[in-house]
Amino acid sequence: MKNTFTDTILPFQIDDKNLRGRFARIDKLASDTLKNYCFPDKVCELLLEALLLTVLIGEMIKIRWRLSLQIRGNESIKLLATDYYAPKDQGKPANIRAYADYDKEATHLNLDTGLFAITIDQGKNMEPYQGITPIIEGSLSKSAENYFFQSEQIKTFFDLNITKKHSEKSGRNWIASGFMLQALPDEHDKKYIDDKSWDILKERITEQIKDSMNAEFNQYQFLDNIFQHSALTVFKETKIKFGCSCKRKTLLYTLSKYPKEQLEEMCDKQKNISANCQFCGRKFLFSLKKILGSKIKFFHPLFIIFIFFGLPTSMGLQIMLL
C-alpha cells in the first residue's frame, strides 16, 4: 500500500515526560526544490537537511509569517538558504523554498566551518529576531541543537534521514525524513528528563527512523515504537509544499532605487534588465524606461535582495532573497 504520509509535518507531545516534537517526511517537495538545478549529490543532501530543519523548527515555533535559515560556509559550500512561510489559513499548506551556492570548481565539497543563522519574522509591525551560532562539527543537526541550547536552554535532538532514489518516471529523486525532539523543564521543579532516559529515546529514534522511507510506513506506529507506553498525544498534521514569494512589483520597486548610471550598466543592448529568482527559476524582464518611470509606493522594510555583479551585465541579475 502506498504511503500517504508525505510532504507532511506531524506534531506530538509526551505529557508524562514533558517532551514535545515534530516528525516530517518529504518527497514531492524535495523534487520540486531541486528540479531547477543540477546540484552535486553532496549539495542536495545538505540542502535537504537544511530544508528539514526549517520545516521542523518553523512548525514548532508556530510562525505567523516566515522563518529563514541561512548557513554560510567558509569552504566550498558557500550558502544554504531556506524559507518557511506559515499557512495563511487553517488547513492550508505551509510554503517552503530553498537554494544553495557552492564552488563549482571544487573537487571536494564540504561545510565544516561557518555560521548557522535562524531568523524569525512574525510579520508587519513585529521586530525580527535572529540567532546565530557556529557550525558544530560540520553537522547541521548539531548546529541546530546548539542553537536551542544557547538561545532557550532547551535540550533538543534532531535526526535527519536523506535518501536518493531512482524511478523510471522521474529519473532522479530524493526522499527525506526528519525528527525533532525537545525536553522541556517541569513546570514545578524545573527539572528535565534524566540523561539516561534521554539517551535511550535518541537511540530509539535513530533506529526507527530508518524505516520511515518504506512504502508501508505508518507514522502512528512509528511514534508508538519510540515512546512505547508513554502518554502520547498527536496533533493535526501540517502539509508542506514548494512555494516562492518573489514578486515582479517588489523587484521593480527595488530596481527603481538604483542610480540611473548603475541601471544602464546592467542593461543589455535592447536597454532591458533581466533577473532570475534563484529559488524558483522565475525570469523577470524590465525595460530601463519602465524602471526609471516607476513610482511604485510599495515598501517592506525587511525586503532583502542580493545582486551578483560577477557576470557580464547583459546577463542580468540573480535574485537571492525576496
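The text that follows walks through the structure, step by step, so that each part is easy to find.

**Comments concerning the overall build of the chain**
Thought 1: The number of helices and strands found in the chain is eight helices and 14 strands.
Thought 2: When the accessible surface of the chain is totalled, it reaches about 16900 Å², and 50% of it is carbon and sulfur.

**Things to note about the packing of aromatic side chains**
Thought 1: A full pass over the atoms with the stated rule returns 17 aromatic pairs.
Thought 2: Aromatic side chains F5 and F217 sit 6.5 Å apart centroid to centroid with 50 degrees between the ring planes, which places their arrangement in the tilted category. Of this pair, F5 sits in the segment before β1 (8–14) while F217 sits in the loop between α4 (195–208) and α5 (219–227), and the two are 212 residues apart along the sequence. Accessibility assignment for this pair places F5 and F217 in one class, buried.

**Observations concerning the environment of L80**
Thought 1: Within the secondary structure, L80 sits in strand β4 (residues 77–85).
Thought 2: The residues contacting L80, other than those within four sequence positions of it, are L46, L47, A50, L69, Q70, I71, Y99, A100, L111 and L140.

**Regarding the nonpolar core**
For soluble globular proteins, the rule of thumb is that nonpolar side chains tend to be buried together.
Thought 1: Counting residues in hydrophobic clusters, the biggest one holds 71 residues, and the most contacted among them are I26, F39, V55, I71, L80, Y84 and F116.
Thought 2: For this core, the element with the most residues is helix α2 (residues 41–61), which contributes 13 residues.
Thought 3: Ranked by size, the runner-up nonpolar core spans 20 residues in total, among them L19, L181, L201 and I205.

**A closer look at the environment of L140**
Thought 1: With respect to the element layout, L140 can be found in helix α3 (residues 140–152).
Thought 2: The buried category is assigned to L140, whose relative accessible area is 1%.
Thought 3: As a C-alpha pair, L140 and A50 span 90 residues in sequence and 7.1 Å in three-dimensional space.
Thought 4: The residues touching L140, leaving out its near neighbours within four places in the chain, are L46, E49, A50, L53, I71, L80, L111 and F116.

**Quick look at the side chain of R66**
Thought 1: Within the element layout of this structure, R66 appears in strand β3 (residues 66–73).
Thought 2: Here R66 is buried and forms no salt bridge, its nearest opposite-charge partner D83 lying at an N-O distance of 4.2 Å.
Thought 3: A polar contact is formed between the side chain of R66 and the side chain of S68, at a distance of 3.4 Å.

Cut-offs used in this document
Residues numbered from 1 in each chain as written. Predicted model: local features only at pLDDT ≥ 70, side-chain atom pairs only at ≥ 80, totals over all residues. Heavy atoms only, no water. Helix = DSSP H or I, 4+ residues; strand = E, 2+ residues; numbered from the N terminus. Areas by Shrake-Rupley, 256 points an atom, 1.4 Å probe, with all protein chains shown as cover. Phe/Tyr/Trp six-rings, centres within 6.5 Å; stacked < 30°, edge-to-face > 60°. Buried < 20%, exposed > 50% of the residue type's maximum accessible area, 1.4 Å probe, protein only. Contact = heavy atoms within 4.5 Å. Core = buried A, V, L, I, M, F, W, Y, C linked by side-chain atoms within 4.5 Å. Lys, Arg positive; Asp, Glu negative; His and termini not counted. Salt bridge = Lys/Arg side-chain N within 4 Å of Asp/Glu carboxyl O. Polar contact = N/O pair within 3.5 Å; in protein donor to acceptor, adjacent residues only side chain to side chain.

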